[in-house]
Amino acid sequence: MANKFNSGDGGRRSLCSLFTLSGLCLFFYLLGAWQRSGFGKGDRIALEMTKSGANCNILSNLNFETHRGGEAGVIDDSDTKVSAYEPCDPQYTDYTPCQDQGRAMTFSRENMIYRERHCPPEGEKLRCLIPASQGYVTPFQWPKSRDYVPFANAPYKSLTVEKAIQNWIQYEGTVFKFPGGGTQFPQGADKYIDQLASVIPIENGIVRTALDTGCGVASWGAYLWSRNVIAMSFAPRDSHEAQVQFALERGVPAVIGVLGSIKMPYPSRAFDMAHCSRCLIPWGSNDGLYMKEVDRVLRPGGYWILSGPPINWEVNYKSWQRPMEELQEEQRILEDVAKVLCWEKVSEKAEIAIWQKTTDSSSCRAKQENQGARLCDSHDEDDVWYKKMEQCITPFNGLNSGDSSEYLRPFPERLYAIPPRIASGSIPGVSVDAFQEDSKQWKKHVNAYRKIIQIFDSGRYRNIMDMNAGFGGFAAALQSPKLWVMNVAPTISEKNTLGVVYERGLIGIYHDWCEAFSTYPRTYDLIHASRVFSLYKDRCNFEDILLEMDRILRPEGAVIIRDDVSVIVKVKKIIGGMRWDSKMMDHEDGPLISEKILIAVKQYWVGGNTNSTSNH
């Protein structure tokens, strides 16, 4: 009887367990559906956090269980200690670690090497919070920001004197005004762009991505925006103090950079148009080395614009106060190099010359071989990080090498068209289906972000960075005239996808997050980091990456971190000492997904101010 009774009892327990398990499964299914519906508690929590500035903790209903291999794990974060980070000395308010002026002067001036990236060694890294200057305020929203920048945000008047007659910048009370002028277009960038548009199809979507070398305060890029062209502008940190900082305060994409001895941090065939307006780059030196580097990043069919010396030297040599013979030789070298590169001059008027790169790769190759030109033999033409420029021409071989000149759709259609690099199979292991699924997933993720941060599309966030951009799906899903995204391709990523980003009509840059980014402090309104910390967990300290994020994030700027829950927990402990308010929440598909989302807002504080909350 005892055995029979125990057997029946066991059967009832099994049946009970089955009902219990079924009930739990139903409960979690309904819970997940409820959260996906947009009525979950997490959908509004970040907005409340942004409004209140309160010190926030992890959501009470967050599920910490992981589900790998069918087993639930316990998060062990005991090895991560919380420490409070002190403000840096106010002298570091505009500190750019890899373009530090003092360190730069210890390097050679040959080929502008001293203006290139020279990052501090481990023992010299600052591990403190870069303060904002006294009186710092949130920049104006676009498009007002194009024309006005608060003086307190970049309090440097030297350019108002040095470039006064060229209409770069003017000081008016508490603001800087940017009339839109430049060295070569004192009457305004709009009229100058009209001249270019009489030759180049700027406004029909064919020309979408542009490169501005030696950009000044980036007025060319600022005024191209209304024509649906996005420019990547760069200039060195030199005697023209804060020019890139002004550009970013205006809401214009820009980085600190120089054409020196190292390749530009952009993929081959990235830009529809490249531009130099009195940029002082010695194009003819070193047998046209810099022109060959521009050729590498210029798409077949793309345009190169040179405005200023030595163009039309016969008329202008006196006003330029340069010897006629010197200018004549300079232009001769330019013309010779352009011919070797298979660039055809399509216009020369006043001080503006425009060349177009050929789309006929076969005839160009034959011509170059007949002239004895050296072609680059690199198997990876996009392997450029800290690589020396080469005295060779980067070949292009039609669709098989991802040549996109004939196959790119006009923008914005190209945003979701299949990029040529993917259609041609140029990226190993990446299929058309994988690209389309990635685009679908990022549309879903961004829709979830919009529910969490309901001011996402209000214009509050103009300068946005994606620290691990992949195919650019985050930026594509966000596409709006109110904002732009700097798509960063980590140099340690398994797949090199930055070329795809450009083929979608977006912009980006290569970077290694173990080092500081080439920008000034407080230049981004929102930073997105998807699986960045998982990528770098065995490469460098989370602390250094987070402190760099803090450096480049504006006061009251937002951060979205998407990563595995074990990584998120460690990150959250570190930012607990960084004057960030944060919330951790479940994946949009529910609590059973091990990937979580951390939303943070940087508190408002300035150097010498003990207050850590905003009065705005």
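This write-up is about the structure you can find in this document. Keep in mind the model is a prediction, meaning the values are calculated, not measured.

To continue, consider the layout of surface pockets. Estimates place the volume of the largest pocket at around 710 Å³. Taken together, 30 residues line the largest pocket, and the ones lying closest to its centre are Asn468, Gly470, Ser493, Lys495 and Thr497. The set of elements that each furnish at least two residues to the lining of the largest pocket consists of α14 (432–452), β14 (484–490) and α17 (532–536). Looking at the lining of the largest pocket residue by residue, the classes come out as 11 nonpolar, 10 polar and 9 charged.

Take the state of the cysteines next. Under the counting rule described, the total for this entry stands at 6 disulfides. With its sulfur 2.0 Å from that of its partner, Cys98 forms a disulfide with Cys119. With the S-S bond torsion at 110°, the cross-link from Cys98 to Cys119 turns out right-handed. Here Cys98, found in the loop between β2 (71–73) and α3 (101–104), pairs with Cys119, found in the loop between α3 and α4 (144–147); they are 21 residues apart in sequence, far enough to count as distant. Overall, the relative accessible area of 1% leaves Cys98 in the buried class.

It is worth spelling out the sheet that holds strand β5 (residues 175–177) at this point. One open sheet accounts for 3 strands, arranged β3-β5-β4; its pairing is antiparallel. One side of each edge strand has no neighbouring strand; the edge strands of this open sheet are β3 (148–150) and β4 (170–172). For this sheet the average axis-to-axis angle between neighbouring strands, irrespective of direction, equals 30°. Of the pairings in the sheet, the one linking β4 to β5 comprises 3 bridges and is antiparallel in character. Within the sheet, the bridge partner assigned to Glu172 lies in β5 and is Val175.

This part covers the pattern of salt bridges. For the coordinates displayed, the defined rule picks out 40 salt bridges. The closest approach of N and O atoms between Lys387 and Asp383, which form a salt bridge, is 2.6 Å. The exposure class assigned to Asp383 is partly exposed, which follows from its relative accessible area of 37%. A salt bridge links Asp563 to Arg531; its shortest N-O distance comes to 4.0 Å. Placement of the pair is Asp563 in strand β17 (residues 553–564) and Arg531 in the loop between β16 (524–530) and α17, with a sequence separation of 32 residues. A relative accessible area of 0% means that Asp563 is categorised as buried.

Moving on, we get to helix α18 (residues 542–552). Buried residues dominate α18, accounting for 10 of its 11 residues. Looking only at α18, the buried set comprises Phe542, Asp544, Ile545, Leu546, Leu547, Glu548, Met549, Asp550, Arg551 and Ile552.

Turning our eyes to something else, we now look at the side chain of Arg250. If you trace the backbone, Arg250 turns up in the loop between α8 (243–249) and β8 (254–256). There is a polar contact of 2.9 Å between the side chain of Arg250 and the backbone oxygen of Val217. Within the structure, Arg250 has its side chain in polar contact with the side chain of Ser219 (distance 2.9 Å).

Our next topic: the nonpolar core. One finds Trp220, Tyr266, Trp283, Trp304 and Met549 to be the most contacted residues of the largest nonpolar core, which totals 136 residues. Setting aside anything within four residues of it in sequence, one finds Trp220 in contact with Phe185, Tyr192, Ile193, Leu196, Ala210, Leu211, Asp212, Ala231, Met273, His275 and Ile305. Listed in part, the 11 residues of the second largest apolar core include Val149, Ala154, Tyr156 and Val217.

Moving on: the packing of helix α10 (residues 313–320) against helix α11 (residues 324–340). Packing of α10 against α11 leaves a shortest axis separation of 9 Å and a crossing angle of 130°. What the angle tells us is that α10 and α11 run oblique. Classified by chirality, the crossing of α11 by α10 is right-handed. For the pair α10 and α11, the contacting residues are Trp313, Tyr317 and Trp320 in the first and Met324, Leu327, Gln328 and Gln331 in the second.

Moving on, we come to the sheet that holds strand β6 (residues 209–213). With mixed pairing, the 7 strands of this open sheet are ordered in space as β8-β7-β6-β9-β10-β12-β11. What marks the edges here is a single partner per strand, and that holds for β8 and β11 (343–349). Direction aside, the axes of adjacent strands within the sheet are offset by 20° on average. Pairing of β6 with strand β9 (residues 271–277) involves 3 bridges; the strand directions are parallel. Its bridge partner being in β9, Asp212 is matched across the sheet by His275.

Where α18 meets helix α19 (residues 565–575), the axes come as close as 10 Å, and the angle between the chain directions of the two elements is 60°. What the angle tells us is that α18 and α19 run oblique. Considering how the two elements wind past one another, α18 and α19 form a crossing that is right-handed. Two secondary-structure elements touch here, α18 through Phe542, Glu543 and Leu546 and α19 through Val567, Val571, Ile574 and Ile575. For the contact of α18 with α19, the per-class residue count stands at 6 nonpolar, no polar and 1 charged.

Here we come to the environment of Cys514. Its location among the elements puts Cys514 in the loop between β15 (507–511) and β16. Residues Cys514 and Tyr536, 22 residues apart in the sequence, show an inter-C-alpha distance of 8.0 Å. Contacts of Cys514, omitting those with residues within four sequence positions, involve Lys125, Tyr536, Arg539 and Cys540.

Conventions used here
- Residues numbered from 1 in each chain as written.
- Predicted model: local features only at pLDDT ≥ 70, side-chain atom pairs only at ≥ 80, totals over all residues.
- Heavy atoms only, no water.
- 1 Å grid on protein atoms, 1.4 Å probe; cavity = no way out; pocket = protein on both sides within 12 Å on 5 of 7 lines; lining within 4 Å.
- Points joined across faces, edges and corners; volume = space filled by probe spheres on them.
- Helix = DSSP H or I, 4+ residues; strand = E, 2+ residues; numbered from the N terminus.
- Nonpolar A, V, L, I, M, F, W, Y, C, P; charged D, E, K, R; others polar.
- Disulfide = S-S within 2.5 Å.
- Buried < 20%, exposed > 50% of the residue type's maximum accessible area, 1.4 Å probe, protein only.
- Pairing = 2+ DSSP bridges.
- Axes fitted to C-alpha atoms, helices over the stretch in contact; angles between N-to-C directions.
- Salt bridge = Lys/Arg side-chain N within 4 Å of Asp/Glu carboxyl O.
- Polar contact = N/O pair within 3.5 Å; in protein donor to acceptor, adjacent residues only side chain to side chain.
- Core = buried A, V, L, I, M, F, W, Y, C linked by side-chain atoms within 4.5 Å.
- Contact = heavy atoms within 4.5 Å.
- Parallel < 35°, antiparallel > 145°, perpendicular 65-115°, else oblique.
- Left-handed = near helix turned anticlockwise from the far one by under 90°.

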